[in-house]
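Structural characterization, general
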Amino acid sequence: MKSNLQCLLFDLDGTLLDTSMDFAYALNQLLMQDQRAPLPYHQIRETVSSGGLAMTQLAYPDLEGDPLLAKRDEFIALYHENITRHTQLFATLDSALTTLMEKKIPWGIVTNKPTHLTESLLAQLTLPHDPQVLICGDTLPVRKPHPEPLLLAAEKCGVSPQQCLYLGDHPRDIEAGIQAGMKTGAALFGYLPNDAQFPNSQQTLQQADFQFHTPYEITQFIQGL
């Protein structure tokens with residue numbers, strides 16, 4: 001499987017970048033503005049990959065409908081203002097990206113994060129080199145776990161889906177990769193959802209072709225391509 005890989009695609013939050021502390025900061029700032037008690041970091045961290053609405057629901061379980069959506073918008077605005085306060089590449093993945101460049105292996109990002117947040121975040125970070133392709137949650141009418149964003153990324157990188165490895169920390173990442181006909185890698189160091197949120201999350205992650213318990217294992221894997 002490894003010898004046929006010609007392209008690597010990464011999920012963003014919880015796989016390539018550690019963004020959880022900035023989400024936690026923004027959400028707890030919002031709670032304190034509303035004179036509510038802040039949430040423990042670990043509770044927020046395991047909800048990050050489920051998106052902004054899920055994090056807002058975690059913090060405001062008494063809200064629903066339009067009031068919840070309005071509070072979500074406040075949260076995202078606060079996050080945008082503090083988007084790189086703590087965010088950075090997971091340890092050693094700078095070396096992984098450098099190795100991909102040296103080996104002339106194209107790489108890209110496929111995320112459900114909206115384009116304006118993703119582009120703002122990447123513009124404020126220093127990566128070893130830019131991704132060949134960036135597919136965001138609003139690039140297409142569908143998003144992960146639908147396979148179309150991954151298929152578009154492969155097309156833009158000039159490779160077949162079968163030549164791609166998609167790395168992600170959420171069950172929907174593995175589902176999307178499998179449906180796209182790609183090899184998949186589970187980033188088990190990421191923002192894994194708890195069993196209450198996704199009862200079959202562990203089973204889905206175990207379906208991945210590769211299991212990575214640390215970012216360094218991804219780096220080692222890439223250096224061995």
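**Observations regarding helix α8 (residues 171-179)**
Here α8 has its buried residues at P171, R172, D173, I174, A176 and G177. For α8, the elements touching its buried residues are α7 (148-157), β6 (164-168), β7 (183-187) and α9 (201-206).

**A look at the pattern of salt bridges**
If you walk through the whole model with that rule in mind, you get 7 salt bridges. Note that R36 is salt-bridged to D62, the shortest N-O span being 2.9 Å. Here D62 lies in the loop between α3 (52-59) and α4 (65-81) and R36 lies in the loop between α1 (20-33) and α2 (41-45), a separation of 26 residues in the sequence. One salt bridge in this structure joins E74 and K71, with 3.3 Å as the shortest N-O distance.

**As for the packing of aromatic side chains**
Overall, the coordinates contain 7 aromatic pairs when judged by the stated rule. Look at F212 and F221: their rings are 5.4 Å apart centre to centre, the planes differ by 80°, and that puts the pair in the edge-to-face class. As far as burial versus exposure is concerned, F212 and F221 are alike and both buried. Sitting over the ring of Y25, R85 keeps its end group 4.1 Å from the ring centre.

**Regarding the nonpolar core**
F10 and L16 are the most contacted members of the largest nonpolar core, which totals 47 residues. Counting residues per element, this core draws most heavily on α1, which supplies 6 residues. Once residues within four sequence positions are removed from consideration, L16 is found in contact with F10, D11, Q88, L89, F90, L93, L97, W107 and I109. By size, the runner-up hydrophobic cluster in this structure holds 16 residues, among which are I135, L150, A154 and A176.

**A closer look at the pairing of strand β4 (residues 107-110)**
Neither face of β4 is exposed, since W107 and I109 on one face and G108 and V110 on the opposite face are all buried. Pairing of strand β1 (residues 7-10) with β4 involves 3 bridges; the strand directions are parallel. Looking at β4, one finds that L9 is bridged to G108. In this sheet, strand β5 (residues 133-135) lies alongside β4 in parallel orientation, the contact comprising 3 bridges. Within the sheet, the bridge partner assigned to V110 lies in β5 and is I135. Crossover β4 to β5 through helix α6 (residues 115-123) is right-handed.

Each value, and the rule that gives it
- Every chain begins its residue count from 1, and numbering advances along the sequence as written.
- Reporting of local features is limited, given that this is a predicted model, to residues whose pLDDT is at least 70; pairs of side-chain atoms are given and counted only at 80 or more, and all residues count toward the totals for whole chains, interfaces and linings.
- Note that the side-chain values use all heavy atoms of the structure and ignore hydrogens as well as water.
- When accessible area is computed with a 1.4 Å probe and restricted to protein chains, residues below 20% of their type maximum are described as buried, those above 50% as exposed, and intermediate ones as partly exposed.
- Secondary structure follows DSSP: runs of H or I at least 4 residues long count as helices, runs of E at least 2 residues long count as strands, and numbering of each begins at the N terminus.
- Between two residues, a contact is recorded if the distance between any of their heavy atoms is within 4.5 Å.
- Only one rule defines a salt bridge in this text: a Lys or Arg side-chain nitrogen within 4 Å of an Asp or Glu carboxyl oxygen.
- Paired rings are identified among Phe, Tyr and Trp, the last through its six-membered ring, by centres lying within 6.5 Å, and are further divided according to the angle between planes into stacked (under 30 degrees), edge-to-face (over 60) and tilted (the rest).
- Charge-over-ring placement is defined geometrically: NZ (Lys) or CZ (Arg) within 6 Å of the ring centre, and within 35 degrees of the ring normal.
- The nonpolar core is taken to be a set of buried Ala, Val, Leu, Ile, Met, Phe, Trp, Tyr and Cys residues, with the residues joined through side-chain atoms within 4.5 Å.
- Between any two strands, pairing holds if DSSP finds at least two bridges.
- Call a crossover right-handed when, viewed with both strands pointing away from you, the route from the first strand across the helix to the second goes clockwise.

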